[in-house]
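Chains, contacts and geometry: an overview
What follows is each chain in one-letter form.
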Amino acid sequence: MKRKVAVKKEDLQKYHGKDTWFQLQPVSADSEVQGKVHLELRLSEVITDSGAINHKLATRVLECQGLPIVNGQCDPYAAVSLLGPSRSEAKKTKVKRKTNNPQFEEVFYFEVTRPLSYTKRQFDVEEEDVDKLALRVDLWNASNLKFGDEFLGGVRVPLRVLGQAGVHDAWYYLQPRENGGKSVKVEELGSLRLNIVYTEDHVFPSEHYTPLRDLLLHSANPVSASTAHILGEVCREKQEAAIPLVRLFLHYGKIVPFISAIAHAEVNRTQDPNTIFRGNSLTSKCIDETMKLAGMHYLQVTLKPIIDEICTEHKPCEIDPVKLKESENLDTNRENLRHYVDRIFNVITTSGVRCPTVMCDIFFSLRESAATRFQVDQDVRYTAVSSFIFLRFFAPAILSPNLFHLRPHHPDPATSRTLTLISKTIQTLGSLAKSKSVKSYMAAFYDYFNEQKYADAVKNFLDLISTSGKWDQKSIETPIMLKEGFMIKRAQGRNRFGMKNFKKRWFRLTNHEFTYHKTKGEGALCSIPIENILAVERLEEESFKMKNMFQVIQPERALYIQANNCVEARDWIDILTKVSQCNRKRLSTYHPSAYLNGHWLCCKLSADTAPGCSPCTGGLPANIQLDVDGDRETERIYSLFSTYMTKLIKMQEACGSKSVYDGPEQEEYSTFVIDDPQETYKTLKLIVSAVQTLEQQHTKYKRDKFKKTKIGSQEHPIGDKSFQCYIRQQSESSTYSI
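Before going into details, it helps to say that this report is about the structure given with it. Since the structure is predicted, the reported quantities are computational estimates derived from the model, not experimental observations. (Residues numbered from 1 in each chain as written. Predicted model: local features only at pLDDT ≥ 70, side-chain atom pairs only at ≥ 80, totals over all residues. Heavy atoms only, no water.)

A short note on the pairing of strand 5 (residues 53-65)
Looking at chain direction, strand 4 (residues 36-47) and strand 5 are connected through twelve bridges and run antiparallel. Bridged to L43 within strand 5 is L57. Inspection of the sheet shows strand 5 paired to strand 8 (residues 103-113) by eight bridges, in the antiparallel sense. Across the sheet, residue L57 finds its bridge partner in strand 8, namely F110. (Pairing = 2+ DSSP bridges. Helix = DSSP H or I, 4+ residues; strand = E, 2+ residues; numbered from the N terminus.)

Some points on the sheet that holds strand 14 (residues 502-510)
Reading across the sheet, the seven strands line up as 16-15-14-13-19-18-17 and stay open at both edges, with antiparallel pairing between neighbours. Strands at the two margins of the open sheet, each flanked by one partner only, are strand 16 (524-529) and strand 17 (535-538). The mean inter-strand angle of the sheet, taken between neighbouring strand axes irrespective of direction, is 35°. Alignment of strand 17 against strand 18 (residues 549-553), held across four bridges, turns out to be antiparallel. The partner of V536 across the bridge, within strand 18, is V552. Each of strand 13 (481-490), strand 14, strand 15 (513-517), strand 17 and strand 18 touches helix 13 (residues 566-579); the most contacted strand, strand 13, lies at about 120° to it. (Axes fitted to C-alpha atoms, helices over the stretch in contact; angles between N-to-C directions. Contact = heavy atoms within 4.5 Å.)

Thoughts on the environment of K132
Tracing the sequence through the fold places K132 in the loop between strand 8 and strand 9 (134-141). Note on K132: relative accessible area 55%, which makes it exposed. When the C-alpha atoms of K132 and P158 are compared, they prove to be 7.6 Å apart, with 26 residues separating the residues in sequence. (Buried < 20%, exposed > 50% of the residue type's maximum accessible area, 1.4 Å probe, protein only.)

Regarding the pattern of salt bridges
For the structure on display, the rule yields 26 salt bridges. One salt bridge connects R213 with D631, and the closest N-O pair in it is separated by 3.2 Å. Here R213, found in helix 1 (residues 210-217), pairs with D631, found in helix 14 (residues 630-643); they are 418 residues apart in sequence, far enough to count as distant. Across the pair, D631 and R213 agree in class, each one buried. The salt bridge partner of D331 is R334, with a shortest N-O separation of 3.9 Å. Residue D331 and its partner R334 are located together in helix 7 (residues 330-349), separated by three residues, close to a single helical turn. (Salt bridge = Lys/Arg side-chain N within 4 Å of Asp/Glu carboxyl O.)

Observations concerning helix 6 (residues 296-313)
The end-to-end C-alpha separation of helix 6 is 24 Å, in line with the 26 Å expected for 18 residues at 1.5 Å each. At L303, helix 6 shows its strongest bend, of approximately 50°, with the proline P305 following within four residues. Turning to helix 6, its buried residues are H297, Y298, L299, T302, L303, I306, I307, D308, I310 and C311. Turning to helix 6, the residues buried within the fold contact helix 7, helix 8 (357-373), helix 9 (380-399), helix 10 (413-430), helix 12 (452-467) and helix 13. (Expected span 1.5 Å × (residues − 1). Bend = angle between axes of the 7 residues up to and from the residue.)

Structural notes on the packing of aromatic side chains
In the structure shown here, the tally under the stated rule is 22 aromatic pairs. Relative to F394, the ring of F390 has its centre 6.4 Å away and its plane inclined at 55°; by these criteria the two rings are tilted. Here F394 and F390 lie together in helix 9, a separation of four residues that amounts to about one turn. Ring geometry for F393 versus F394: centroids 5.1 Å apart, planes at 65°, classification edge-to-face. Note on F393: relative accessible area 2%, which makes it buried. (Phe/Tyr/Trp six-rings, centres within 6.5 Å; stacked < 30°, edge-to-face > 60°.)

Quick word on the nonpolar core
If you look at the biggest cluster of nonpolar residues, it comprises 104 residues, and the most contacted ones within it are L245, L303, I344, M359, F363, I389 and F641. Broken down by element, this core gets its largest block of residues, eleven residues, from helix 9. Lining this core are residues from two domains, each supplying at least three of them: domain 2 (235-466) and domain 4 (630-734). Discounting chain neighbours no more than four positions away, the residues touching L303 are I344, V347, I348, F394, A397, I398 and L406. Judged by nonpolar contacts, the second largest core, of 29 residues, contains L41, F104, F110 and V137. (Core = buried A, V, L, I, M, F, W, Y, C linked by side-chain atoms within 4.5 Å. Domains from an automatic or database assignment.)

A look at the sheet that holds strand 8
The four strands are arranged 8-5-4-11 in an open sheet whose pairing can be described as antiparallel. Looking along the sheet, the strands with just one partner apiece sit at the ends: strand 8 and strand 11 (167-173). Ignoring which end each strand starts from, the neighbouring axes of this sheet average 20° apart.

Dropping the structure here:
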């Protein structure tokens with residue numbers, strides 16, 4: 001039986017940031033609704049041939065938004081009924097396939113009043129009885145199942161809303177059926193403890209955020225006087241600050257210099273190289289968040305195949321003698337576990353060339369800062385990077401694959417135990433240090449990997465991801481094979497009169513060149529030096545009516561290639577982009593469609609040398625082209641500053657105290673990291689001013705909105721929405737960000 005927790009929207013703020021027990025409630029298909037519908041009602045008079053006056057209601061169902069997806073599909077239609085004391089007429093729209101935001105744009109006409117002499121009694125309604133009528137609009141999902149169509153929600157609109165004007169246009173939140181819920185004793189269903197994090201953003205036009213956005217994006221010297229650092233100091237949790245900061249800096253292409261600056265400052269404050277980046281600092285949280293956003297596809301192509309295999313095979317891997325089942329053999333389990341660890345270790349340490357560029361640039365900065373600060377320690381350049389890529393990226397993804405979209409659900413207990421043992425071992429191997437204070441069975445298992453080849457593989461991997469793009473490709477004389485495989489290419493037309501056809505070829509990419517061959521092992525038919533690759537971009541499907549195509553742009557022509565599937569196309573684009581990212585002549589614009597029949601299909605220009613009409617992706621792999629609203633992220637940062645205004649004031653006082661008193665630090669100010677009190681004070685003053693200005697604009701907005709709000713209008717759709725959490729398994733505590 002499904003159960004839920006339902007909280008009224010207006011009550012969410014009361015539970016913000018608090019652990020609260022909520023009573024579980026039953027889930028009924030007829031009561032679980034979401035979304036809204038846009039209706040237009042118009043009452044008009046019609047004069048008949050006999051001179052009598054009739055009233056007709058024109059009901060226009062325009063569109064819906066946010067309908068639920070039922071069993072993986074949403075094929076909605078609307079049923080429209082005119083309800084009254086003696087009638088119930090129903091009419092239906094056409095079914096809109098595969099959309100939860102359908103555009104109906106259909107009009108239905110209903111006879112509202114007719115003369116009393118009309119023979120059919122159901123129209124025997126006096127004009128003064130119109131107020132007794134109501135319009136009912138129900139949304140349904142057209143199901144192919146034998147159980148019939150599923151109810152998605154409905155709304156009842158009394159015709160009195162038409163008023164004297166006879167016209168009504170409004171959005172309505174869909175409501176559950178009046179008899180949808182069945183009486184169940186809720187106390188018998190149990191309760192759930194939740195920690196709700198609720199935010200509500202009112203985003204203004206971009207110019208309102210210019211002062212605060214400029215403060216955030218322009219770094220200060222020292223970095224501890226910057227707006228971003230101050231946000232991390234005043235927030236209760238560093239994660240609160242890291243999420244909007246990372247998205248904002250990624251959006252404006254400044255994430256690498258920002259993280260480099262705060263990481264360099266943290267390294268300089270670190271006294272022991274063994275503790276570098278081990279705390280939950282703003283630097284650590286920002287790098288974690290960047291890896292989550294930039295590295296999701298990297299995780300997918302690296303770990304998903306082997307994780308799927310582990311979860312499917314269910315091989316026993318328990319090596320703790322105490323937990324061993326009677327039917328299991330300890331040596332067999334160790335061999336199973338060792339096999340899995342070796343597989344995952346190999347796919348990780350050979351995946352360096354696929355590591356996203358932005359992550360490599362950050363790792364390069366970490367490596368340089370750590371090596372400069374701790375020159376005596378030769379391994380610190382490795383541990384500074386491994387503390388993130390292994391301990392905070394790969395190990396957590398192996399441990400909880402469902403949280404990183406590697407698996408749809410949390411693994412079963414036995415598989416979860418296997419993944420835990422693998423994650424611990426990978427974490428130990430990646431740290432390049434012998435794990436201390438481990439249980440004897442784990443220590444014995446680690447001995448299997450006490451070989452130099454494992455340490456060498458880790459260091460080679462870390463070298464690659466933290467120096468990628470920083471070395472000259474030709475400085476390595478022996479070519480390194482990066483990727484190869486069959487694809488289909490379109491003839492480049494080097495011969496003016498040649499046929500521009502498509503042929504299957506074997507493609508090979510090294511750090512020196514990109515070549516294609518008739519078959520594997522034969523000589524190259526064409527070779528493109530890496531330095532001649534000006535851009536690598538997707539090609540619009542309309543060009544050749546073919547999917548999964550991309551283009552390798554050279555000085556004189558573009559090579560059009562079709563990969564076998566979308567995943568392979570993305571891999572080739574990412575790796576070609578990565579290996580050519582430092583080319584000096586990289587393009588800033590390109591043509592997303594091909595040049596055919598004497599013109600570019602995208603911009604219609606006739607010159608084949610015309611400059612591109614779309615901006616290049618800027619060297620960012622396809623998987624981190626983020627859809628970020630910079631103004632919304634700035635609004636969220638404003639909300640944080642507004643919430644922690646008392647701490648901002650306290651930090652100003654701390655700056656004053658440090659400036660005039662050079663003695664032991666007062667305890668109430670000791671939580672703040674302030675390197676330059678005067679510069680920090682200046683920044684704080686600007687922050688407070690920007691926040692107060694936005695606060696005034698929000699106050700005015702709320703006041704104006706309250707004056708304009710009208711129930712059932714476009715400004716404020718009717719209905720009451722609840723935050724609902726559906727429970728399928730027992731859980732003690734969860735955190736939801738709404």
